[in-house]
Amino acid sequence: MRPILCAPPRFAHRADGHGRTHQADGHGRTRRVGGRVGLPRAGGPGRSRTLALAAALALSATALSAPPPAIAQGSTQAPAATERLSLSHHLEWETVQNPRISPDGNQVVYTRRFRNAMTDGWDVELWIMNVDGSRNRFLTRGSDPRWSPSGDRIAYLAEGRPSGTQIWVRWMDEEGAASQVTRMDQAPSGIQWSPDGRHLAFQAPIAAAPDPAWRIQLPERPRGAQWTEDAHVEDRIHFRRDGIGMLPRTHQHLFVVAAAGGSPRQVTHGDWDHSGARWTADGSRLVFQSLRVEDADRQWRQSEIYDVHVETREIRRLTDRPGVHGSPVPSPDGAHIAFVGHDFTEDTFYEQKLWVMGPDGQDVRVLAEDLDRTPRNVHWAADGSGLYFDAEDRGHRHVFFAPLSGGVRQLTEGAQVFTLGDMAPNGVAVGTLATAHDPGSVVRLNRTGGVGSARTASRLLSSNAELLAGIQLGEVEEMWYESFDGTQVQGWIVKPPDFDPTRQYPLILAIHGGPHIMWDVAFDFAWQEHAAHDYVVLYTNPRGSSGYGSEFGNAINNAYPGDDYHDLMIGVDSILARGYIDERNLFVYGGSGGGVLTAWIVGHTDRFTAAVSKAPVINWMSFVGTTDGSGWYRNFREFPWNDPTEHLERSPLMYVGNVTTPTMLLTHERDLRTPISQSEELYMALQMEGVPTAMIRMKDGWHSRREPPSNFYRVQLYLRNWFERHAVR
């Protein structure tokens, strides 16, 4: 798919890049936790904040950061709270995900995560509440819940025997009996109930048979000899993945198992991957995404939609057009199959389309042709008249409806990020909603009319509400500005609490990765925590960002970095014109694709006081052969062995001779997306040039700098440490 440094190059799935969180309150009771009112925890060990860890974190902040710049008292606003956000607050953080509404529209089950400071991770549980938000309570340990068609059971994922994740089914009666349904050696995922509620479909990896051609016979080992382990033989083009390491020799296959338990039956076959299975309305077939062709793993931007007869295991190919086509969703009346995709293009970026076809793959057509935004979380209307979905749009995410008769309607509005979770047959929908000051709420979308009518959101619960009630957050202001060629660019300014426009504040320019993702209006802990230390944070969506249409996103095709650099610099000029930024203290940082642009910036201007490039690409020639996918080779006009010119011209390494800005590198040692060798190249080049530099080598993580959570804290502290030590006083 599209080239994204923060997501696997071969696939369309993208994370939002913010590490954003969503969470709920508990039973309505409170207890004193770590000197502050907190919520009770049901169904598991206590999760109160560890005071020793909080104290140690506070000491770390003191040791790593000099005192922040002073700020004048006497804001023109009268805040309700006086405490500022700190990293110690994150030790109590919670998130909510995947709300699912019961078929009768009366109850909502959702996944709730709790920060576990003792294990440096997250505890995951399922909670349930009424559709009006009442009786919010713990249900069981697990994740990814799915209601049965009759609403009498839920299927979910949880730890089981013999080990790892397994599928469980829990009865939703007073007894609440739960049974482990699978006992797989490899973790199942993608649970889907059959329409009659008797079976569950899922996918799981199956090991490929060893290749006998690589069998060798070593000389006989002397008795008691200690020889090194066997060599790893690799002959695949995609053999490693960030977050995993060396990929096992497996293929994802589809299975069906009785909901009451039993032996799963494999319904797909062959040396291909199969995913995204959905049942057809009559329960006879599974529709799924795959690419069942020779050398499928070497195909670029190709996938098709198939179906398989569950009883006979006969597989049919339903689509046959070059490009990426996936996420099939059969209609409830069996008349159509909707899917998301795009016909083949060599453009760096494109917004995907919403398609619909007959159950046999005929009569393929595009819906919502004029939207030019990528549909996500697609759901059919109960009467089969159209499709609901959410889509990114200019820093927001909204819900849309595309009728089969044509056109598209936006159903939600406002400065928010709405993710559609589930819909009941009566049209009631649930999802998560985040805003600048709301890390995420579970919400219900109320119908104000018929199918496809406008929707208003009712909050059922708000994440971290008790925690944030005592915190004074910085205000977030949206801005638009005109770039050098007339392009309109959107950005946001996060201001410190007690902001005084007559004062001078240091500025942090934050650059997103991707490069084809977007910053949005949702709460961001990192920026609010920087603002709490009296920094103004500027974040913008330069050309190349998603959510603004294919033309805007593709503007950096074979030109990255390029004019996006000018978009960022003019954004800095725009905020400087407001008069409250200390021009002596301009700082910049970015991660992944943002790390690329940060390294590019310091090679093209000396206006910044200090810079931090996190997990960057420095040398495109060495990067394309060491990252965890082959797709980046395709993002240049020529392979580097045919003509290295473009790879060199677009490599920040080639401009190190211009750098005078103190520049720090920060990367996880296990990063396979932008390997640490990239940071090492820039670090050594800066050392050779005598530019103030440092390299922070993070442990126990991959490409993401937010996991494990304690590494998120280190990133925040090391970043400000670098800025503070180079600040002009």
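Residues numbered from 1 in each chain as written. Predicted model: local features only at pLDDT ≥ 70, side-chain atom pairs only at ≥ 80, totals over all residues. Heavy atoms only, no water.

Caption draft 1: Region of interest: the packing of helix 3 (residues 525–532) against helix 10 (residues 709–726). Here helix 3 crosses helix 10 at 40 degrees, and the two axes come no closer than 11 Å. Between helix 3 and helix 10, the crossing angle belongs to the class labelled oblique. Between helix 3 and helix 10 lies a crossing whose hand is right-handed. From helix 3, Phe525, Ala526, Glu529 and His530 reach across to helix 10, where they touch Phe712, Gln716, Leu719 and Arg720. Class assignment of the residues belonging to the contact of helix 3 with helix 10 gives a composition of four nonpolar, two polar and two charged. (Axes fitted to C-alpha atoms, helices over the stretch in contact; angles between N-to-C directions. Helix = DSSP H or I, 4+ residues; strand = E, 2+ residues; numbered from the N terminus. Parallel < 35°, antiparallel > 145°, perpendicular 65-115°, else oblique. Left-handed = near helix turned anticlockwise from the far one by under 90°. Contact = heavy atoms within 4.5 Å. Nonpolar A, V, L, I, M, F, W, Y, C, P; charged D, E, K, R; others polar.)

Caption draft 2: Structural view of the nonpolar core. Grouped together as the largest cluster of nonpolar side chains are 47 residues, with contacts concentrated most on Leu509 and Val536. Counting residues per element, this core draws most heavily on helix 5 (residues 563–576), at seven residues. In this structure, Val536 is in contact with Ile493, Val494, Pro496, Phe499, Tyr505, Pro506, Leu507, Ile508, Ile575, Tyr580 and Ile581, ignoring residues within four places of it in sequence. Ranked by size, the runner-up nonpolar core spans 29 residues in total, among them Tyr535, Tyr548, Val612 and Leu719. (Core = buried A, V, L, I, M, F, W, Y, C linked by side-chain atoms within 4.5 Å. Buried < 20%, exposed > 50% of the residue type's maximum accessible area, 1.4 Å probe, protein only.)

Caption draft 3: Geometry of the confidence of the model for the protein chain. Across the protein chain, the average pLDDT comes to 89, with 89% of residues at or above 70. Scored below 50 in pLDDT, residues 7–79 makes 190 contacts in the model with residues more than four places away or belonging to other chains. (pLDDT = per-residue confidence, 0-100.)

Caption draft 4: Quick peek at the sheet that holds strand 8 (residues 153–159). Pairing is antiparallel across the open sheet formed by four strands, whose spatial order is 7-8-9-10. Where the open sheet ends on each side, the last strands, each with one partner, are strand 7 (143–147) and strand 10 (178–180). Taking each pair of neighbouring strands and ignoring which way they run, the sheet shows an average axis angle of 25 degrees. (Pairing = 2+ DSSP bridges.)

Caption draft 5: Broad picture of the environment of Thr448. Mapped onto the secondary structure, Thr448 falls in the loop between strand 31 (438–447) and strand 32 (455–462). Judged by its relative accessible area of 54%, Thr448 is exposed. With residues up to four places along the chain from it excluded, the contact list for Thr448 reads Ser453, Ala454 and Thr456.

Caption draft 6: Molecular detail of the packing of helix 5 against helix 6 (residues 593–602). Running from amino to carboxyl end, helix 5 crosses helix 6 at an angle of 80 degrees, the nearest separation of the two axes being 11 Å. In terms of axis orientation, helix 5 runs roughly perpendicular to helix 6. On helix 6, the residues touching Asp564, Tyr565, Leu568 and Met569 of helix 5 are Leu597, Trp600 and Ile601. Classifying every residue of the contact of helix 5 with helix 6 by side-chain character gives six nonpolar, no polar and one charged.

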